[in-house]
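Next come the chains, spelled out residue by residue.
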Amino acid sequence: MQIRLIRSATLVVEMADVRLLIDPWLAAKGEGRSYSGRATSPLVDLPLSVDELLHGIDAVLVSHLHSDHFDDAAQRALPKSMPILCHGRDQAAIAKMGFEDVRAIGQGLTLGSVRIRTTDGKHGPPEVLDDMGEVSGFLIEAPGEPRLYWAGDTILCPEVKAILADERPDVVVVHGCSALWKGKGPLVMDGPMVLETVRLSGHAKVVVTHLDAVDHATVSRADLRQMAATASIDQSRLLVPEDGGILSF
């Protein structure tokens, strides 16, 4: 299995001859929106062209419809025949965008020999959930491949802890920028939550993404690396890739 971080939460996952694009945010630098009023996101360019990124993609996974996870630029760039895999609550909205093959993942959807399931999470503490809405993660697995848990836009909550304990994934991807909304949050994991996820993940490798790209973030890659060093976290267990970086498992 290979995971390539594109930017922020956007990944390309290759597993069992299937190439999945997760949560495409394809706006050019500064051509999205501001989430805090400090700057216009995304704060950095894509590390490759959109044409290069989309080459060979078999399907797109969309966790939820926030603009930094499935934006107008992605909706324009993706072929309307591209399979879009999502939580059932978003299926009708994505179909209204003109996509012709929108599939609800639910508790089991297969693509080739790859099986995908949705997981639950919480997009922040109770006081922001009315604004943030519901979100999803994914469990992705195939025979002979590591089991991947992409937690999505969630804090460390009982739903995430249950997946770590019950499913025992081999690779865990979490969002660790500790973004705030109107001064409240975090909307996704902060540093202590990331370190606790490593502790709870047993043998798994934990990959941290959604960093250094949105203006409402409060934790950077440098911050996380320093926190991990201070906590004597094994560097082989906690991976903080740069945009465009490829990890093989």
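Structure first, text after, so check above.
Quick summary incoming for the structure in this document.

What counts as what
- Residues numbered from 1 in each chain as written.
- Predicted model: local features only at pLDDT ≥ 70, side-chain atom pairs only at ≥ 80, totals over all residues.
- Heavy atoms only, no water.
- Helix = DSSP H or I, 4+ residues; strand = E, 2+ residues; numbered from the N terminus.
- Buried < 20%, exposed > 50% of the residue type's maximum accessible area, 1.4 Å probe, protein only.
- Lys, Arg positive; Asp, Glu negative; His and termini not counted.
- Salt bridge = Lys/Arg side-chain N within 4 Å of Asp/Glu carboxyl O.
- Contact = heavy atoms within 4.5 Å.
- Pairing = 2+ DSSP bridges.
- Arc of directions from axis to C-beta.
- Polar contact = N/O pair within 3.5 Å; in protein donor to acceptor, adjacent residues only side chain to side chain.
- Axes fitted to C-alpha atoms, helices over the stretch in contact; angles between N-to-C directions.

Focus on the side chain of Asp 68
At step 1: Turning to its location among the elements, Asp 68 is positioned in the loop between β4 (59-62) and α2 (72-77).
At step 2: No salt bridge is formed by the buried Asp 68; its nearest oppositely charged neighbour, Arg 33, is found at 7.9 Å.
At step 3: In contact with Asp 68, not counting residues within four places along its chain, are Trp 25, Tyr 35, His 210 and Val 214.

Overview of the sheet that holds strand β11 (residues 171-175)
At step 1: As summarised here, the arrangement of the seven strands in space is β7-β8-β9-β10-β11-β12-β13, forming an open sheet in which the pairing is mixed. Edge positions in the sheet fall to β7 (109-111) and β13 (238-239), since each has one partner strand and no second.
At step 2: Pairing between strand β9 (residues 136-141) and strand β10 (residues 148-150): three bridges, direction antiparallel. Bridge pairing links Phe 138 to Trp 150 in β10.

Digging into helix α7 (residues 221-230)
At step 1: Of all the positions in α7, only Arg 221, Leu 224 and Ala 228 are classed as buried. Around the axis of α7, the buried residues are gathered within 65° of arc, so they sit on the same side. Among the exposed residues of α7, those oriented more than 90 degrees off its buried face are Ala 222, Ala 229 and Thr 230.
At step 2: At its buried positions, α7 is contacted by β1 (2-7), α6 (191-200), β12 (205-209) and β13.
At step 3: Near the N-terminus of α7, the side chain that reaches the backbone nitrogen of Ala 222, with its oxygen 3.4 Å away, is that of Ser 220.
At step 4: Ser 232 sits one or two residues past α7 and shows a positive phi near 55°.

Focus: the environment of Thr 197
At step 1: Within the secondary structure, Thr 197 is located in helix α6.
At step 2: Classification of Thr 197 by relative accessible area gives buried; the value is 0%.
At step 3: C-alpha separation for the pair Thr 197 and Val 174, spaced 23 residues apart in sequence, amounts to 8.7 Å.
At step 4: Each residue touching Thr 197, except ones within four places of it in the same chain, is listed here: Leu 156, Leu 164, Val 172, Val 174, Met 189 and Val 206.

Structural notes on the sheet that holds strand β2 (residues 10-15)
At step 1: Here we have seven strands laid out as an open sheet, ordered β6-β5-β4-β3-β2-β1-β14, and mixed in their pairing. The open sheet has two edge strands, β6 (102-104) and β14 (246-248), and neither has a second partner. Each strand of the sheet is rotated relative to its neighbour by a mean of 25°, with strand direction disregarded.
At step 2: Alignment of strand β5 (residues 84-86) against β6, held across three bridges, turns out to be parallel. Along β6, the bridge assignment pairs Cys 86 with Ala 104.

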